[in-house]
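What the coordinates show
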Amino acid sequence: MAIQELPKVYEPGSVETRLYAAWKAAGYFRAKPDPARSPWAVMMPLPNVTGELHIGHALNNTLQDILARFQRMRGRCVLYQPGTDHAGIATQNVVERELAKEGLRREDLGREEFEERVWAWVRKYGSIIYAQLERLGISCDWDRKVFTLDPPYYDAVLEAFVRLYRKGLIYRGKHMVNWCPRCRTAISDLEVEYEEVDSHLWYVRYRSAGDGPDVVVATQRPETIFADVAVAVHPDDERYRELVGKEVLVPLTNRPVPVIADRRVDPSLGTGAVKITPGHDPLDHEIGRDHGLPILVTLDEGGRMNELAPKFVGLDRFEARGRVARALEMQGLLVRTEPYRTRVGKCDRCHTVIEPYITDQWFLDVRDMARRTAEAIHTGRVRFHPERWTRVALDWLEGIRPWVISRQLWWGHRIPVWNCAGCGDRVASKVEPFACERCGGRTWQQDPDVLDTWFSSALWPLATLGWPQETEDLRYFYPTSVLVTDRGIIFLWVCRMIMFGLEFLDEVPFRDVYIHPTVHDIHGRRMSKSLGTGIDPMVVIEKYGADALRFALTSRCSAAQQDMRFDEKMIADVRTFANKIWNAARFVHRNLASEDPTQVDPASLRYGMPEIWILSRLERTIQAVTRAYETYEFDEAARSLYRFVWDEYCDWYLEMSKVDLAAEKDTARAARYVLWHVLLETMRLLHPIMPFLAEAVFRALPHQGDTLMLGPWPRSDPRRVHEEVERSMGLFQEAVREIRSLRADLGLGPHQGVHVQVFAPGAERELFTQLQPYLQSLARVERLELLPVDAPRPHPAAMGLAGSVELYIPLEAAQSRTLWNRVQRELEALVREQERLTRKLQNPEFRQKAPPEVVRAEEEKLWEARTREQKLRRYLEALQEV
RNA sequence: GGGCGCUUAGCUCAGUGGGAGAGCGCCGCUCUGACGCAGCGGAGGUCGGAGGUUCGAACCCUCCAGCGCCCACCA
């Protein structure tokens, strides 16, 4: 039951940790397949196991949690799947940096010992992010935590590989790939980030090998000339016609290479002649292959010059670039150097400039999977929200290329391919084969590489549910309901999950994909620790509460924006909202009297107009908020709740209820019930966004059941919408505001009651009679007289209008005249308004083409403006006569 | 080079065909018995620019500018 005294200021810190522990202990987060209920599932985009919660995670997980909590309250059997990713390169890099501090490299430890070091790291730091997610209030099923290197998950990854291999979709080949010379591994196209940088274009002279003319080529990479195998020109390029078929000498090495013609050379670029270096450039690689040219390589795996460049051996490629340019200059072969703006690809894990490099790698042919994925998206089996991301995904799928899935790392899923020591035969198998089928040999060597982390991530919805086993979870929760993520991983992760879902289960892994905005700092820059622009969610949670952070993020999460500018101030603002609600709860708590509202039969109550009004507004809010959660309009949900709580419940209903409670009117019992009922219903609507506050209020007030979080969700009943009462309340509010405004203009203090005369026609007079005590209280009216429209107006007086109702405050003439400007301003506005409306209504085309109801509405407005003007003029005239 | 998004009050953003809105900030007035993390009253905008469609445009179309993001093998 209710606590006796509630603290005046809401303190989220202790409340939040206490409630979370209680929910967790009660098992509310657990997901157990229940045939009696329909399933609803969402998969957490697996954070890096070495990672800590940043503001992007906070947003991402908050949104998932909102949906999960919403569906849970609605009675669905909810699975919110947590887990962490071994994150191959990232994690290996972290541990390697640790080793470097001890002066060690991973080779010094050897593979097994190194892996053990990484495991030790994971055991030590791997659960930090889980604790942080708990503090944020995330309601996932912690009993189902999955790590991508857990044995069952590992098995699923190998199973997937073996199946794809046996289907002939995985093959090994020597191709040019993106190579990170620092990580010393291949990476996929998607793991390369491009950046514009200032560089140079070097124009280098290649002398003729015979007695023909020289040729000048432009290059960004003079250091690779040692691997040149040709110079190419366009076949139609008149300038170089006679050169084709001749030989030129590669500078510094004086090796003769042919001049070839190829249509892929663009005559308008550089000099129209280009050096061909198949070992270091993708286009050159293709051209070289088509012309049967050899492949030379002048860089090693670490990006250093090799023996092909004798005087530069061991130099880093960038150092070599300058030295080679200088050497060319000394030999008079450097024609000129131009500044050049270009884009370089960088490793997305360590930001080293990547090198196009020819290596043996494993590739996955994804063409068919991509085609099926595109079809699934096209036919709406998977829907993107906002819808515009559909096109983005489809375009990528259409131009898809083979996926390099091998990585030269030690941390990850080791590729399950075995090479026979005897005959070199290759077998894909989850366990070491027994005897070689070809030669009978029994000595096998496993492929040393591991799989791309994204290969295992792509299995996330399958492997977490038990695939390849046909588990109950898989049958019940697959396909999941929605995936919530950032646009940055649509290709890397989202599309690939769909591919694997279709490939292995012939069913998409989720129905909806919701792409939320990316959080930036207040200046629009990327949140980054190194830039000092990051917001640490844990710091702000300690300061303002998890609820405040959640609400702040949610309220700025609109479909229109793809970025969200965010700073701490916004969280601080929300804290006041939480405090507002808390104090409304204190008010309700204090006023409940002796009757337990949970035992009240609502049908037995006598409702006043304020009760009917707030219940009508609540109904609209239930509809708006429910719809907003259903359609991923998170900002709309937050906004609706904010307005309802603050503007309608607190500012108007709660204030009006004070009148009934103080006077113990016959509606007081209903008021007590409605105060309580509306607040608790609102807390249910708010629970997905601010679960702690909602539950704290729930527990502080009389309630049934142990928790709010298991439902029920507020039931919508459109019959509770009362248009007429809403209109009446609108008029009442206008009157209150008008009197308050007059009071302010007159410089009246709160204790200076005024005498107000209301001149209203029958229906309105009836309404004001009914609402008289509220008007007196809210507008501080000491004496209120309700008079017919034909009664004489007092003079001198101040005058205001609420609709067509005239509000007069009898005053001294001098006081009245202080309001002169106010009335003049309103008159001017009314005249302008009438001119605008008249112009519109006199336009025959408007009358003819606009919908009749619009015409009628405009006529009505004109009539009202005229009436108001007349009333104001009559008032002013009378005032002048005084 | 192609594509997407944004441009509305000092700041952060709602509004997507019929009278320009919110929060914060700002200016007044209130130590009012839920809340000073408050209440009440105000000021503040030619809705990026130019055309067009329409009876009517912040909203639809075209072009332009600025900012941001994604994709693309121009030496």
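In the block above lies the structure referred to throughout.
A brief look at the structure comes next.

The rules behind these values
Position numbers for residues count from 1 along each chain, tracking the sequence in the order it is written. A letter from A marks each chain and a number from 1 marks each ligand, given out in the order of writing. Since the coordinates come from a predicted model, pLDDT governs what is reported: local features require at least 70, and pairs of side-chain atoms require 80 or more to be given and counted, while whole-chain, interface and lining totals use all residues. To obtain the side-chain values, all non-hydrogen atoms of the structure were included, while hydrogens and water were left out. Numbering of helices and strands runs from the N terminus; a helix is a DSSP stretch of H or I covering at least four residues, while a strand is a stretch of E covering at least two. Just to be clear, the radius of gyration here is over C-alpha atoms, and the globule rule we use is 2.2 Å times residues to the power 0.38. Remark: exposure states derive from per-residue accessible area (1.4 Å probe, protein chains only) relative to the maximum for the residue type, with buried under 20%, exposed over 50%, and partly exposed in between. Where accessible areas are quoted, they stem from the Shrake-Rupley method and a 1.4 Å probe; at the residue level, only the protein chains shown are allowed to cover. His residues and chain termini do not enter the charge count, which takes Lys and Arg as positive and Asp and Glu as negative. Note that the charge is assigned to NZ on lysines, CZ on arginines, CG on aspartates and CD on glutamates. In these notes, a set of buried Ala, Val, Leu, Ile, Met, Phe, Trp, Tyr and Cys residues joined through side-chain atoms within 4.5 Å is what counts as a nonpolar core. Any two residues whose heavy atoms approach within 4.5 Å at even a single point are treated as in contact. A carboxyl oxygen of Asp or Glu within 4 Å of a side-chain nitrogen of Lys or Arg is what we treat as a salt bridge. When at least one non-hydrogen atom of a residue lies within 4 Å of a molecule or strand, that residue is treated as near it. As used in this structure description, the phrase polar contact means that two N or O atoms lie within 3.5 Å; if the pair is within protein, one of them must be able to donate a hydrogen and the other to accept it, and residues adjacent in sequence are counted only when both atoms belong to side chains. Classes in brief: Ala, Val, Leu, Ile, Met, Phe, Trp, Tyr, Cys and Pro nonpolar; Asp, Glu, Lys and Arg charged; the others, Gly included, polar. Here the aromatic set is Phe, Tyr and Trp, taking the six-membered ring for Trp, and pairing holds for ring centres within 6.5 Å; pairs whose planes are under 30 degrees apart are stacked, those over 60 apart are edge-to-face, and all others are tilted. Geometrically, a charge over a ring is one whose NZ (Lys) or CZ (Arg) sits within 6 Å of the ring centre while staying within 35 degrees of the ring normal.

Attention now moves to the overall build of chain A. Helices and strands together make up the secondary structure of chain A, namely 28 helices and 29 strands. Its C-alpha radius of gyration of 37 Å places chain A more than 25% over the 29 Å reference for a compact globule of 882 residues. Along the three orthogonal principal directions, the C-alpha set of chain A runs to about 115 × 65 × 55 Å. Buried residues in chain A amount to 56% of all 882 residues. Surface accessibility of chain A: about 39,400 Å² in total, with carbon and sulfur atoms responsible for 48%. Positive and negative side-chain charges in chain A, numbering 119 and 127 respectively, have mean positions lying 1 Å apart.

Formed by 158 residues in total, the largest nonpolar core has its most connected members in Leu549, Phe566, Tyr649, Val697 and Phe732. Examining the composition of this core, we find that 14 residues originate from one element, helix H20 (residues 634–663), more than from any other. Contacts of Leu549, omitting those with residues within four sequence positions, involve Ile55, Ala58, Leu136, Pro537, Val540, Ile541, Phe566 and Ile571. Counting residues in each nonpolar core, the second largest holds 65 residues, with Ile400, Leu474, Tyr476 and Val508 among its members.

This brings us to the pattern of salt bridges. Any two side chains of opposite charge can pair if their charged atoms end up close together. Inspection of the entire model under this criterion finds 82 salt bridges. Note that Asp368 is salt-bridged to Arg371, the shortest N-O span being 2.8 Å. Note that Asp368 and Arg371 are positioned in helix H10 (residues 367–378) at a spacing of 3 residues, about one turn of the helix. A residue is classified by how much of its surface remains accessible, and Arg371, at 47% relative accessible area, is partly exposed. Of the charged contacts, one joins Arg407 and Asp452 as a salt bridge, the two residues approaching to 3.0 Å between their closest N and O atoms. Of this pair, Arg407 sits in strand E17 (residues 406–407) while Asp452 sits in the loop between strand E21 (450–451) and helix H12 (453–457), placing them 45 residues apart in sequence.

Our next topic: the protein's contact with RNA strand B. As a matter of local geometry, RNA strand B sits amid 64 residues, with Ala218, Asp266, Arg343, Ser558 and Glu833 nearest to it. Those atoms of RNA strand B that come within 4 Å of the protein belong to sugar or phosphate at a rate of 61%. Between RNA strand B and Arg575 there is a distance of 3.2 Å, counted from a base oxygen to a backbone nitrogen or oxygen. Note that a sugar or linking oxygen of RNA strand B is positioned 2.9 Å from one of the side-chain N or O atoms of Arg586. With 12 residues, the single largest contributor to the surface near RNA strand B is helix H18 (residues 568–591). Tallied by class, residues from the surface near RNA strand B come to 24 nonpolar, 12 polar and 28 charged.

The next thing to look at is the packing of aromatic side chains. Scanning the entire structure with this criterion turns up 40 aromatic pairs. Arranged with centres 5.1 Å apart and planes meeting at 45°, the rings of Phe70 and Tyr629 form a pair that is tilted. Of this pair, Phe70 sits in helix H2 (residues 55–73) while Tyr629 sits in helix H19 (residues 609–630), and the two are 559 residues apart along the sequence. Each member of the pair, Phe70 as well as Tyr629, carries the same accessibility label: buried. Here Tyr632 and Phe634 contribute two aromatic rings whose centre-to-centre distance is 6.4 Å and whose plane-to-plane angle is 45°, an arrangement assigned as tilted. An aromatic cluster is defined as three or more aromatic residues linked by ring pairs; in this entry it consists of Phe161, Tyr165, Trp362, Trp403, Phe455, Trp467, Phe500 and Phe504. Taking NZ or CZ as reference, Arg69 lies 4.8 Å from the ring centre of Trp23, over its face. In this structure, Arg496 is placed above the aromatic ring of Trp403, and the distance from its NZ or CZ to the ring centre is 3.8 Å.

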